[in-house]
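Single-letter residue listing:
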Amino acid sequence: MTASRAEGPEPTRLITNPDAAAQLLRAGRLVAFGTETVYGLGADATNAEAVAGIYQAKGRPSFNPLICHFASAEAAFQHVRPNSMAEKLAEQFWPGPLTLVLPRRASSLVSQLAGAGLPTLAVRVPAHPIAHEMLRLADLPIAAPSANRSGRISPTSATHVLAELGGRIAAVLESGSCAVGLESTVLDLSGPTPTLLRPGFITHEMLEARIGALGTAAPGNALLAPGMLASHYAPSLPVRLNATAPMPDEAFLAFGPAPAGGLMFQLSETRNLTEAAANLFQALHWLDEHATLRGFTAIAAAPIPGTGLGIAINDRLSRAAAPRG
Ligand code: TXA
Ligand code: MG
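Residues numbered from 1 in each chain as written. Chains lettered and ligands numbered in written order. Predicted model: local features only at pLDDT ≥ 70, side-chain atom pairs only at ≥ 80, totals over all residues. Heavy atoms only, no water.

Caption draft 1: Fine view of the overall build of the protein chain. Helix and strand content of the protein chain: 10 helices and 15 strands. Every one of the 325 residues in the protein chain was classed for burial, and the buried ones make up 53%. Pairs at least 24 residues apart make up 68% of the contacts formed inside the protein chain by residues separated by at least 6 positions. Of the roughly 13900 Å² of accessible surface on the protein chain, 56% is carried by carbon and sulfur atoms. (Helix = DSSP H or I, 4+ residues; strand = E, 2+ residues; numbered from the N terminus. Buried < 20%, exposed > 50% of the residue type's maximum accessible area, 1.4 Å probe, protein only. Contact = heavy atoms within 4.5 Å. Areas by Shrake-Rupley, 256 points an atom, 1.4 Å probe, with all protein chains shown as cover.)

Caption draft 2: Expanded view of unusual backbone geometry. Cis geometry is found at the peptide bond from Trp 94 to Pro 95, where omega equals -5°. The phi torsion at Asn 242 lies on the positive side, around 50°, for a residue other than glycine. Within the secondary structure, Asn 242 sits in the loop between strand S12 (239-240) and strand S13 (250-254). Residue Asn 242 is classed as exposed on the basis of its relative accessible area of 56%. Phi is positive for Arg 271, which is not a glycine, with a value near 60°.

Caption draft 3: Quick look at helix H10 (residues 309-321). Here H10 contains 13 residues, and its C-alpha end-to-end distance of 19 Å stays within 8% of the 18 Å for a straight helix at 1.5 Å per residue. For H10, the complete set of buried residues consists of Leu 309, Gly 310, Ala 312, Ile 313, Asp 315, Arg 316, Leu 317, Arg 319 and Ala 320. Taken together, the buried residues of H10 touch strand S10 (195-198), S12, S13, helix H9 (273-293) and strand S15 (298-301). (Expected span 1.5 Å × (residues − 1).)

Caption draft 4: Highlighting the pattern of salt bridges. Under the counting rule described, the total for this entry stands at 8 salt bridges. The partner of Arg 316 in a salt bridge is Glu 183, with the nearest N and O atoms 3.4 Å apart. Taken together, the residues Arg 316 in helix H10 and Glu 183 in the loop between strand S8 (171-173) and strand S9 (185-188) connect sequence positions 133 residues apart. Three or more residues joined by partner-sharing salt bridges are found here, namely Glu 183, Asp 315, Arg 316 and Arg 319. (Salt bridge = Lys/Arg side-chain N within 4 Å of Asp/Glu carboxyl O.)

Caption draft 5: Main features of the confidence of the model for the protein chain. Per-residue confidence for the protein chain averages 88 on the pLDDT scale, and 89% of its residues sit at or above 70. In the predicted structure, residues 1-7 sits below a pLDDT of 50 and forms 1 contact with residues beyond four places in sequence or in another chain. The low-confidence segment residues 220-233, where pLDDT is below 50, has 35 contacts with residues more than four positions distant or belonging to other chains. (pLDDT = per-residue confidence, 0-100.)

Caption draft 6: Just the packing of helix H4 (residues 84-93) against helix H8 (residues 204-211), in detail. In the contact formed by H4 and H8, the axes pass within 10 Å of each other and the chain directions differ by 120°. In terms of their interaxial angle, H4 and H8 are classed as oblique. Viewed along their axes, H4 and H8 form a crossing whose handedness is right-handed. Here Met 85, Lys 88, Leu 89, Glu 91, Gln 92 and Phe 93 of H4 come into contact with H8, specifically with Met 206, Leu 207, Arg 210 and Ile 211. The class makeup of the residues in the contact of H4 with H8 is 6 nonpolar, 1 polar and 3 charged. (Axes fitted to C-alpha atoms, helices over the stretch in contact; angles between N-to-C directions. Parallel < 35°, antiparallel > 145°, perpendicular 65-115°, else oblique. Left-handed = near helix turned anticlockwise from the far one by under 90°. Nonpolar A, V, L, I, M, F, W, Y, C, P; charged D, E, K, R; others polar.)

Caption draft 7: Broad picture of the packing of aromatic side chains. Using the criterion set out here, one finds 2 aromatic pairs in the structure. Consider the rings of Phe 77 and Trp 94, whose centres lie 5.7 Å apart with planes at 40°: the pair is tilted. A residue pair is termed long-range when its members are at least 10 positions apart, and Phe 77 in the loop between helix H3 (73-76) and H4 and Trp 94 in the loop between H4 and strand S5 (98-103) qualify at 17 residues. The two residues Phe 77 and Trp 94 agree in class, both being buried. (Phe/Tyr/Trp six-rings, centres within 6.5 Å; stacked < 30°, edge-to-face > 60°.)

Caption draft 8: Here's a closer look at the pairing of S9. Neither face of S9 is left uncovered, since the one carrying Thr 185 and Leu 187 and the one carrying Val 186 and Asp 188 both have all their residues buried. Of the strand pairs in this sheet, S5 and S9 are connected by 4 bridges, and their pairing is parallel. Each residue of the ladder has a partner; that of Val 101, found in S9, is Asp 188. The turn linking S9 back onto S10 is made up of 6 residues. (Pairing = 2+ DSSP bridges.)

Caption draft 9: Inspection of the environment of His 290 at higher detail. Looking at the element boundaries, His 290 is found in helix H9. Look at His 290 and you get partly exposed, because its relative accessible area is 24%. Along the sequence, His 290 and Leu 263 sit 27 residues apart, while their C-alpha atoms lie 8.1 Å from each other.

Okay, here's the thing in structure tokens:
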């Protein structure tokens, strides 16, 4: 079905009450909410129409599988079958920025659209207290991709969400800023070898310390991680990576000591990767906006060490710099 009701833009409410957010979700409406990673655009995952609304609001070009969010591991494991690795990881890292891909239970009422028709589901239990309260009160699996329009930067504040999706969704639950600032680590535990699909705050090393050696997804394996489009995290200006200094027409994304003058956003003066990760999306938003206004034609990004959280930051930056489709 391609027709949709002719509707004017919906006024988006900024709300502060998790119960009001939960009621809207239960009524099939779209509500953006903050988590410790980024703001998500939530919908009742069991309501395919509501889930379709997510793709519509985001203008996503394809039906990527979405992460289902829960208030507890118990609630999550009603929809997927945990193995012993999943149980160990849930015990250590939930609530927190880790998503587990597991075989879906036949009894799960999560819509196929939310799961993109896959035999697996991605589940996570966010640590943010406001999100937790909303999820507890909604008492439903809540599908939530990052609350940006497709291909744009993930939002880390209610203001970012309103700029991206205002007029397209029912409400934004004001949840403050996002402590981690990068999307969750995605680990596939549905096959014989645990496989890291998306790096994040919970690092490869932290996971291996708990469950032993991981495999890595073949780069560009569209089947394994269908949502990981090469140009997913793109600001509107081109991005040049590993730049030790900006050219005259480039704004600069700095990490540590930087040349004076020009237009610059400092990720972390002291080269702290956690601080840099928390600032990353805000930096890209800010540079994109201000560089365009001031006539710069590109963003040069300083090199980031490829260790620990730097792996996740470089993953995002290389997507931002990927050729545009
Ligand atoms: O931090 C986060 O995870 C945020 C917040 C809102 O929770 N959400 C988020 O969702 O980043 P999204 O839809 O932007 O990313 C979902 C990722 C994609 O890379 C997708 O391909 C992968 O999870 N994914 C979801 N379900 C999957 C499945 N069944 N198998 C493999 N990958 C899956
Ligand atoms: Mg996203």
